[in-house]
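# Understanding the architecture of this molecule
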Amino acid sequence: MLDPETRTLIETAKARRQIELSARFVDASPAPRRPDPRAEAVRAQVWGDLKDQIIAAVRDYEGDGLRVLRQMKTRPEMILTGPVATWRRFLEEKRGLVGGPALEFRHYVQPWSHGLPGFPE
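Anyway, here's the lowdown on the structure attached to this text.

## So, the packing of aromatic side chains
Across all of its chains, the model carries 3 aromatic pairs by this definition. Ring centres of Phe25 and Trp47 lie 6.4 Å apart, and the angle between their planes is 35°; on these two criteria the pair is classed as tilted. Linking Phe25 in strand S1 (residues 18–25) with Trp47 in helix H2 (residues 37–59), this pair joins segments that are 22 residues apart in sequence. Classification of Phe25 as buried rests on a relative accessible area of 11%. Aromatic side chains Trp87 and Phe90 sit 5.5 Å apart centroid to centroid with 90° between the ring planes, which places their arrangement in the edge-to-face category. With a gap of 3 residues between them, Trp87 and Phe90 both fall in helix H3 (residues 84–93), about one helical turn apart. An identical accessibility class is assigned to Trp87 and Phe90; each is buried.

So, in structure tokens, the structure goes:
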């Protein structure tokens, strides 16, 4: 799914502007009361499959400047960057991936702690 504010940003921004979007795994299953290794393994497998789909989709637009900036270490999320014109085409042509309930795409803004010692991301 695409965040409404992000959709507005992409629709109204200048075509050459570079923006970053985060693609985050949204787990719809309820949180277990106790850690369940099997459920964690299933979530990791689902995220791995989604990550492969995202990388393959981004690879189709590499020539137009879309690329994976980085993968988060502490949560199932990737940061993607590219020009707005390419994002418009990507969102239009990859509706199945972007519109699915398992992924959330939104504008990525670096947190205040980015780059400080002691903060992992």
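Next comes the rest of the write-up.
## Notes on the sheet that holds strand S2 (residues 67–71)
Pairing within the open sheet is antiparallel, and its 4 strands lie in the order S2-S3-S1-S4. The strands lining the two open edges of the sheet, one partner per strand, are S2 and strand S4 (103–107). Averaged over all pairs of adjacent strands, the angle between their axes in this sheet comes to 25°, without regard to strand direction. Note that S1 and S4 share 5 bridges and pair antiparallel. Each bridged residue has a counterpart across the sheet, and for Ser22 the counterpart in S4 is Arg106.

## Looking at the pattern of salt bridges
Scanning the model with the defined rule gives 8 salt bridges in all. For the salt bridge of Arg75 with Glu77, the shortest nitrogen-to-oxygen distance reads 2.5 Å. Exposure remark for Glu77: the relative accessible area of 6% places this residue in the buried category. With a shortest N-O distance of 3.0 Å, Arg106 and Glu104 are connected by a salt bridge. Owing to a relative accessible area of 33%, Arg106 belongs among the partly exposed residues under this scheme. Each member of the salt-bridge network shares a partner with another, and the members are Asp3, Arg24, Glu104 and Arg106.

Criteria and thresholds
- Residues numbered from 1 in each chain as written.
- Predicted model: local features only at pLDDT ≥ 70, side-chain atom pairs only at ≥ 80, totals over all residues.
- Heavy atoms only, no water.
- Phe/Tyr/Trp six-rings, centres within 6.5 Å; stacked < 30°, edge-to-face > 60°.
- Helix = DSSP H or I, 4+ residues; strand = E, 2+ residues; numbered from the N terminus.
- Buried < 20%, exposed > 50% of the residue type's maximum accessible area, 1.4 Å probe, protein only.
- Pairing = 2+ DSSP bridges.
- Axes fitted to C-alpha atoms, helices over the stretch in contact; angles between N-to-C directions.
- Salt bridge = Lys/Arg side-chain N within 4 Å of Asp/Glu carboxyl O.

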